[in-house]
Every structure is written in C-alpha cells, then in structure tokens.
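# Fold and geometry: a report
Letter by letter, the chains look like this.
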Amino acid sequence: MVANSSSKNFIFEHNFKIDKGMNNSIGIKTIMNFLRKTGFFIAMLFIMIVFKSSAVAQNVDFKVTAPRVVESGEQFRLSYSVNVKGSSFQAPPFTGFSVLTGPNVSSSSSVQIVNGKVSQTATYTYNYILVGNKAGKITIPAAKIKVKGKVYSSNVLNIEVVQGQKSQAASGNQGSNKNVQTGSNKDIFASVNVDRKTVYQGEKIIATIKIYTRLDIGGFKDYKFPPYSGFWSQDIESPTQLSFQRENVNGEIYSVALLKKSLIVPQRSGGLVIDPFTAAVQVRERVRSSNPFDDFFGGSYRNKSINIASKPIKIKVKPLPANKPADYAGAVGQLKLSSSIDKTNVKANEAITLKIRIAGNGNLKFITAPKIDFPPDIELYDPKKTINTKVSEQGVVGNITFDYLFIPRYPGTYRIAPVNFSYFDLATKKYKTVQSKEYEIVVEKGEGMQEMSSGVVQGFTKEDVQLLGKDIRFIKTDFEVQRKQGVLFGSKFFWLVYIISFIVFVALLLIRRTQIAQNANQAKVKNRKANKLSKKRLRVASGYLKKGNQEQFYDEVLKAIWGYLSDKLSIPVADLSKDNVSEMLINHKVDEEGLKQLMELIDACEFARYAPTSVSGGMGDIFKKAGNLLSKLDQKIK
Amino acid sequence: MRQIGIFLGLMLLSLVSISKEQALVDSANIYYSNSKYEKAISAYESVVSNGFESAELYYNLGNAYYKSNKIAFAIVNYERSLKLNPNDDDVIFNLRMANTYVVDKIDVLPMFFLSSWMQRFIQTHDSNIWAIISMAGFVLAIALLLMFFLSNNIAIRKTSFWIGVLVLFVSVMSFNFARKQKLLTELEPEAIVITPSVVVKSSPVESGTQLFLIHEGLKVTVVDKLGDWREVKLSDGNVGWLKKSDLVII
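Not measured: the values here are computed from a predicted model.

## Thoughts on the overall build of chain B
Scanning chain B for helices and strands turns up eight helices and eight strands. Residue burial in chain B is summarised as follows: out of 250 residues, 32% are buried.

## So, the overall build of chain A
Of the regular secondary structure elements, chain A holds ten helices and 34 strands. Counting the 638 residues in chain A, one finds 22% classified as buried. Partitioning the contacts of chain A with sequence separation of at least 6, the portion at a separation of at least 24 is 73%.

## Describing the interface of chain B and chain A
Facing the 37 residues of chain B at the interface are 26 residues of chain A. Within the residue set of the side of chain B that touches chain A, elements represented by two or more residues are α1 (2-33), β1 (52-53), α3 (55-67), α5 (89-99), α7 (127-150) and α8 (154-187) of chain B. Here the side of chain B that touches chain A is built from residues that sort into 21 nonpolar, ten polar and six charged. Here two bridges tie strand β34 (residues 482-483) of chain A to β1 of chain B, and the two strands are oriented antiparallel to one another. Residue pairing across strands places Arg-483 of chain A opposite Phe-52 of chain B, the latter belonging to β1 of chain B.

## Topic: the confidence of the model for chain A
Here chain A averages 77 in pLDDT, while 80% of its residues score no lower than 70. Every residue in residues 50-56 of chain A is under pLDDT 50, and counting partners more than four places away or in other chains gives six contacts.

## What to know about the packing of helix α6 (residues 492-547) of chain A against helix α10 (residues 618-636) of chain A
Residues and elements named next belong to chain A. One can describe the packing of α6 onto α10 by two numbers: an axis separation of 11 Å at closest approach and a directional angle of 175 degrees. As the angle between them shows, α6 and α10 are arranged roughly antiparallel. Contacts between α6 and α10 pair Asn-531, Ser-534, Leu-538, Ala-541, Ser-542 and Leu-545 from the former with Met-619, Gly-620, Phe-623, Ala-626, Gly-627, Leu-630 and Asp-634 from the latter. Here the residues of the contact of α6 with α10 are counted per class, giving seven nonpolar, five polar and one charged.

## Some points on the sheet that holds strand β14 (residues 198-200) of chain A
All names here are of chain A. Strand order in this open sheet of three strands is β14-β23-β20, and the pairing throughout is mixed. Taken across any chain shown, the strands that pair with only one partner, and hence form the sheet edges, are β14 and β20 (270-274). Averaged over all pairs of adjacent strands, the angle between strand axes in this sheet comes to 35 degrees, irrespective of strand direction. Pairing between β14 and strand β23 (residues 313-318): three bridges, direction parallel. Across the sheet, the residue bridging to Val-199 is Val-317, located in β23.

## With respect to the pairing of strand β31 (residues 420-425) of chain A
Residues and elements named next belong to chain A. When β31 meets strand β32 (residues 430-435), the two strands line up antiparallel, connected through six bridges. Looking at β32, one finds that Ser-422 is bridged to Thr-433. The turn joining β31 and β32, which pair antiparallel and follow one another in sequence, is formed by four residues; a positive phi near 55 degrees is taken by Lys-429.

## Looking at the packing of α3 of chain B against helix α4 (residues 71-84) of chain B
Residues and elements named next belong to chain B. One way to put it is that α3 packs onto α4 with a least axis distance of 8 Å and a crossing angle of 165 degrees. One finds that α3 runs roughly antiparallel with respect to α4. Classified by chirality, the crossing of α4 by α3 is left-handed. Along its contact with α3, which presents Ala-55, Tyr-58, Tyr-59, Leu-61, Gly-62, Tyr-65 and Tyr-66, the element α4 presents Ile-71, Phe-73, Ala-74, Asn-77, Tyr-78, Arg-80, Ser-81 and Leu-84.

## Thoughts on unusual backbone geometry
Of note in this structure, Lys-429 of chain A is not a glycine but carries a positive phi near 55 degrees. Given 11 C-beta atoms within 10 Å, Lys-429 of chain A falls into the exposed group. In this model, Asn-69 of chain B sits at a positive phi of 65 degrees, which is unusual for a non-glycine residue. Mapped onto the elements of the fold, Asn-69 of chain B is located in the loop between α3 and α4.

## Examining the sheet that holds strand β7 (residues 97-114) of chain A
Residues and elements named next belong to chain A. Taken in spatial order, the four strands make up an open sheet running β3-β5-β8-β7, and their pairing is antiparallel. Each end of this open sheet is capped by a strand with a single partner; those strands are β3 (62-65) and β7. This sheet shows a mean twist of 20 degrees between the axes of neighbouring strands, independent of strand direction. Sheet topology places β7 next to strand β8 (residues 117-132); 15 bridges connect them, and they run antiparallel. Its bridge partner being in β8, Val-111 is matched across the sheet by Gln-120.

## So, the nonpolar core
Judged by nonpolar contacts, the single largest core of 70 residues is most densely connected at Ile-264, Val-281 and Ile-358 of chain A. If near-sequence neighbours (up to four positions away) are discounted, Ile-358 of chain A is found in contact with Leu-335, Leu-337, Leu-364, Ile-367, Asn-399, Ile-400 and Phe-421 of chain A. Listed in part, the 41 residues of the second largest apolar core include Phe-52, Leu-57, Val-76 and Leu-82 of chain B.

## Describing α8 of chain B
Residues and elements named next belong to chain B. With 34 residues, α8 should cover 50 Å at 1.5 Å per step; its first-to-last C-alpha distance of 49 Å lies within 8% of that length. Taken together, the buried positions of α8 are Ser-160, Gly-164, Val-167, Ser-171, Ser-174, Phe-175, Phe-177, Ala-178 and Gln-181. Of the surrounding secondary structure, the elements contacted by the buried residues of α8 are α6 (113-122) and α7.

## Re the environment of Ser-88 of chain A
Residue and element names in this part refer to chain A. Residue position: Ser-88 is located in strand β6 (residues 87-90). You can call Ser-88 exposed: it has 9 C-beta atoms within 10 Å. Separated by 63 residues in sequence, Ser-88 and Val-151 place their C-alpha atoms 9.3 Å apart.

## Some remarks on the environment of Ile-253 of chain A
Residue and element names in this part refer to chain A. Along the chain, Ile-253 turns up in strand β19 (residues 252-266). As for Ile-253 and Arg-214, which are separated by 39 residues in sequence, their C-alpha atoms are 7.5 Å apart. Each residue touching Ile-253, except ones within four places of it in the same chain, is listed here: Val-69, Glu-71, Val-162, Arg-246 and Asn-248.

## Regarding the pairing of strand β2 (residues 190-193) of chain B
All names here are of chain B. When β2 meets strand β5 (residues 219-226), the two strands line up antiparallel, connected through three bridges. Paired with Ala-191 across the strands is Val-220, a residue of β5. Relative to strand β8 (residues 247-249), β2 runs antiparallel, the two sharing three bridges. In the sheet register, Ala-191 faces β8, and the bridge partner there is Ile-249.

## Remarks on the environment of Leu-558 of chain A
All names here are of chain A. Counting through the fold element by element, Leu-558 comes out in helix α7 (residues 550-569). Residue class for Leu-558 comes out partly exposed when judged on the 19 C-beta atoms lying within 10 Å of it. Non-local contacts of Leu-558, meaning those with residues more than four positions away in its chain, are made with Cys-605 and Glu-606.

## Observations regarding the confidence of the model for chain B
Detailed reading of the predicted model is not advised wherever pLDDT is low. Chain-level statistics for chain B give a pLDDT mean of 85 and a share of 93% at 70 or above. Of all helices and strands in chain B, the one with the weakest mean pLDDT is α1 of chain B (74), whereas α3 of chain B scores best (91).

Analysis parameters
Residues numbered from 1 in each chain as written. Chains lettered and ligands numbered in written order. Predicted model: local features only at pLDDT ≥ 70, side-chain atom pairs only at ≥ 80, totals over all residues. Helix = DSSP H or I, 4+ residues; strand = E, 2+ residues; numbered from the N terminus. Buried ≥ 20, exposed ≤ 12 C-beta atoms within 10 Å, placed from the backbone. Contact = placed C-beta atoms within 7 Å. Nonpolar A, V, L, I, M, F, W, Y, C, P; charged D, E, K, R; others polar. Pairing = 2+ DSSP bridges. pLDDT = per-residue confidence, 0-100. Axes fitted to C-alpha atoms, helices over the stretch in contact; angles between N-to-C directions. Parallel < 35°, antiparallel > 145°, perpendicular 65-115°, else oblique. Left-handed = near helix turned anticlockwise from the far one by under 90°. Core = buried A, V, L, I, M, F, W, Y, C linked by C-beta atoms within 7 Å. Expected span 1.5 Å × (residues − 1).

Structure below.
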C-alpha cells in the first residue's frame, strides 16, 4: 500500500518479505530507480486529487530516518517524512557530513476504501544524499517544518560512522562480488542472543535470533528455529517481513534483521543448551559477463545457497534455594495475592464463590490452585482457572484467577482459613509467603430444608462420623518422673531379703525349740517331786485331822490332789478342771475305777469343806482313800 | 545404719532434682503443644540423660519424634514406654501408627500357644516388679511357716501351712520370671533399626555375603555381638550381622 521510494521488495517462498532499503550504497542503478518511481508518484498525485474532498485532518508525524551505521566515504540517504503537507522546511546543519544532493522533495499518497469508508494517508519526503567524512558518532539535530502555522520538530538522529574499507569502497560492487564467490560465513551469519546466561529456575530469558549479512539475500530455502528444549517458550515478536537495520559489528557494517524474539523460561535446573538456529540462505550473486551492456541493464544474477548456523548457547540454571516453604508449588516472580468472596451470609444449599486472584509478573501459567482448608461439611467443586496474561519483553504479566465454588449443606458458622501462597521473589532472591483474608460464613437454615421437615414423611439419614485425618494421640501432661532404677534381680538387696528372712525363720524356730526343751525339763522335775509334795501335804492334813480342824483338813487334801495332778500332767493349777483332768488321765491309761474314785474323792472333799458333817466315813476315811489313790495314780502316771 | 543414712540422703537429693526435672518436663510439654517439636525433643532427652524416666516421659518423647518425622526414634521410645507400662492404650495406639511407616512387613514366626501365653504373662510386668513380688512372697511365706511351727492352734496351723506353701510357690515362680526378664534384656535385648536401609550380612565383616535388606523402624533382637557388629534376629527367624551404629537398643 505504502509506496516507498527507493525500496526493493522481495517476497520469498517462506513468506519473508525483506525490506532492504536505504542501506545500500547508492549506485547508478538506484538513482535510475528513483527517477522511475518519482514519475509513478506524479501519477499517484492525480489520483489523490480526485479524493481530496474526503481528506481528513491528521496528527502531524514528522520524523527522520537514516541508517544507524555508515562507513566513512559511503553515500547514504537521509530522509525527512511528514504526513501532512507543510511549508518552510528547515534542515539542520549536517556537520561531519557532506551533502551530495538534496533536498529532493517527493510525496506519496494512498487511499483506502473499506466497506464504503474512505481513509487516506499521504507522505511528503525530503531526501538528502550524504556522505560521512570521518569516523565517529555524529548527532544530527532536529529539522523544523511549519504545518498550518505551527512549527513541528523531527526527532534527533544519531549516526555512527565507522572507518570504511578502502579497497571495497574503491572497487564498489566488484569487491562484494569477490566475497560472494568465496561464500565465507563472515559475510553472513546468524546468532541467538540472550539477555542473561545465569538465571534461577523459572526466571525469564529473552532470546533474540538475528541474521547478519553483507550479502544480498534472496530468500530462505530451509530454516529451523531452536526447539528450546528444557524451556517453556513463547514468541514475543516473529515478523513476517524482515526489516534490515545496519549495525556495527566489530568495526564492520552488517545488515541485521530480527528473525524471532522469544520469552523462554527454564523448567529445570542445571546446564541447559539452546540449540543453534540453522538455515540455508539463498544469496543473489552477480555473474560477471563479458558483455558490457549486460552490466548496464542490471546484469544477470544467480542464486547460491549458503548454510548458516548460530553457536549453541549454554545457560546456567540455578535451582531455587533449598529453604522452600512447605506450601511452595513452583511460582516465581513478583506476585500479589488478593481474595474476594461474593457473600458471607447465606442459606443452606446456596452456592458461594471464593475468588483467589494472583497478579503480577512471573510464571503465572504454571501456578496451581492454592489449597484452601474448607470445613469438611462443605461441598466443594474443583476451582475454575482463568488466565489473563500478556507476554512481552518484561515477561509474562497479568493475572490468574481461581474461582472456588462451594455449597454449605448445613446451617452454622464456618471459618474459611486464610490461603497461604508462596513464591520465589526474583527481586530479593527469597521465598515470600502471602496470605489471603480469612472469611467467616454464616449459614442459616435453608428454605428447602424447612419444607422438607414439614413434609409428611420424613426419613432421617444418619451419617457415619467422618474421619478427617489420622494422627497420633496427644502427649500426657500429668505424670511424675522417677530416677531410673537398676535391675533389682540379683542385686545385694535382693539376695539379702531372702537370706535375712530365712535366718530369722531358722532363728525363731531354734529359740522355740530350746524353750520347749526347757519346759519339758521343768515338767520332769515337777513330775519326780509330785509324789513327795503330795505326801508332805497329806502329812500336814493328818496334823489337822488330829486337831479336828475339818475345814483346813479338806482344804489341804484338795491341795495335795490338785497339786499332784498339776505337776504330773504339766498343767498349771489354774487351768485344771475335772473335765480336762479326766481326759488327760484317760490318755495316761488310768482305769475307769480309779478315775471314778478320784472324782468321788474330789467331790467329797469339796462338799465337806462347806458341809463337813454330811460326809460319810469322816475325815479318817477320806485321808486313807486319798493316800491309796495317790499311790495308785503314781504307779500309772510316769 | 550407715547404709540407711546414705539411702535417706539419696532420697532427699533425688527429691530436690526431681522438682527440677519436673519443670523441664513441663517446659517440654509446652514446646510440644506449640508444635516446636525439636525443642521438645531436646528437653525430654535431657531429662532422660539426667537419669530420670517414666512411661509417660518416653511416650511424650516418642510423640515428639513422630511429629518431627523421625519414626525410628519414635518407635524406640514407644517401646521403652511399653517396657515400663505394658498396658497403656495410648502408647499401643501411637506405636501402631508409627509402625505403619515401617517398610518391612515381616511375618512373625508362630509360637507354641502355651509358651506365647507364658511369655505374654511374664511380660505383663518388668523384672523389678517380679523381683519385688518374689521378695514379698518369700517374706510372707516365711511368716506363715513360722505361724505353722509356733502356733498350738490346729486351725491356724492348718491354714497358715497351706497359704504359706502357696505363697512360697508364687514367690518361686515370680523369682523365675524376674530372672527371665533380666536375662532377656541383658542377653537378648530388643533393638530398633535407625538407618533408612541396611544390608544384613552373613558374617561380621564388610565383605560378608549380603543376606537381606531391612529398613528403618524394624524391631529386631540382638543375639550376639562381636566388636562393632551385632548379630540380630528378625521376628521371622532370619539371623544376620549388622553394624552397632544401625541400631538403638530399646
């Protein structure tokens, strides 16, 4: 649409359109072209006049274009263009350059009709042909133009003049012919440039693929962009038309075109390699001919194919620091978290949406939905993810929204715990954790539930207690510690208990034994003396008998009998009774007769003590009986 | 007399330091409640290393290890707690939880049911309790036999004789149990593997044939020792050698 004077447009088989104007040294051919095009513009002007009536006032756009880098002694074009017709154009002084021709004024105009709408653009151009005198950076100040009484300034231009190669400048196209024929990679090469070579995992890199040439490119036969394996990549700029700029590379001037600009993000740590960009470039090469007329009419060309490949680039990807927060899920960048909820006061079975929005610059596309601790009684649906990002040289900028839809099924007050979101902040090289707000949701009884409860048939469904998690039981807090105990078994104390108690046992038994033995001895003595003692008593009793003292007589006889029995049977006198005596005597094999006599005698004596007269036989009889009985017993009891 | 004096002195000393240890335990409990498990572990451990213990202390220490994901040490301490109090539900529950993390699943070698009953019965009390039962039983039996020998009353003599014989029997049995428990802990102590994975060798040298692989948290019985090496027996009957440093004795 825009007809640009002095531009050569090629359309190649791979949809690359190469605009290679303004940068070639202007030979005879270009000037001829220029003249041809000017004629074309005159024709265009007529067309423009037809549509003049619909011309619309426009913003004034006044700018200057020129190659950024030129060689000294090289002719180049500098052109001022303005989109509105102006007057009193005032060029700045071109110090450091010599003006060969100019200003040559030309204009172009285009009209577009889309669905009946007419739009029109016009360009007025002031061209200069300059030549640089010596190497250095030269600033060309702004030019001025008056449009409708108002003065506009163009932009200021910087032009770098490098030392030209004399031989080439002298021989002109012939020199470059030679280079083409050698086809060396010095004349054409590609490179992949990255803005940094050491990054953290997840940090963005801008990769730029450029082609540098000093040859006339006819097109690309075959080309392959690096696959960026190990990276996530997104194209930022991928021009369908290549626009060449002149650049100074180590003192030599190349035409440089951007092939592709991508944002790449390493997905793993370690050393990653960006594979080379490879292409087969068709280069137009002039064929020298012997016919001088051929040269004059543009000469003949032939295509030559050159393979180029960029150098592989190594990228060192540092892993993220180890002290990751527990909930870290790989987010890198400068991010912000915000949350919102659509309502906090609902009836049961009404849906609520909680929005978590993460915005900023980082690997937003890789962020997974943060986990929210919803109360277990709430029905939760999978979060909806909405990504709204723009990829630019600044990285992936935008926001990502997670919509959590949930439905509380039971009335009550629920607390939705704040969401923790962690990311690695590239600015501070530290992990950051941001927290969303905490929400409290009040759920009232839903209407649906009330209807249900007022219904005729009401079936209650019982629910099992939900096991929410498994954990160990809590510590015990109320206890006392004790000093560690050694093993009791086999200790001195242990054995001593046995030994001492056994010794006590034996000792007590021995003591008892000897006691028993002693007692037995005493009884024997008493036994031996029993007869004598009783006889002594009986003698005393006979004394009382003679005196006629009845009471004392019987008393003494009883004493003699009881005393004898006590000594003989080893029973204390106090313990004696007629019962146990008769039992003991039977044991000693005393016959019934003797026993009966003894009992009768004791009865008689006891009776006589209180009623002496009633005793038959009198004291003499008793005395004789007692004497007989005791001597008889003495024989039986040993 | 002098021994009693020393004993009383020790009692007094331990009372003073017990109150100090108790404070340490309380602080550890607070650390645990505030989820500062590492600090809780170091506080509990210092109480243990000061020579104090209790079933609950080991239980709490085990919990703290569990919460810091040191499952093997958690198991060690739960087992120690069970040694002091074999019937605590909480300890048994948590030990089961911890054992779910143990990789090795080992079939326990079946035992004759009588001996397994017997073993379970013996393990209801530790050696010291059995020893005390035995000592008390012996003293009581002596007293009852004395009654038998010294009393004249036939009824007393009869009852004291039979009870005395019964108590003496109990005493002898518990003496045996105490002895058995002590021998088990001394000669065949149980241990827990603390290394994430260990290759068990056929002989106590590095070049020994590799027999089998066991993992952290497994309970084994140490049956023999040689230098730094311990011969262990698994509950499925497998036997092999591994390094002392791979084990912690319960």
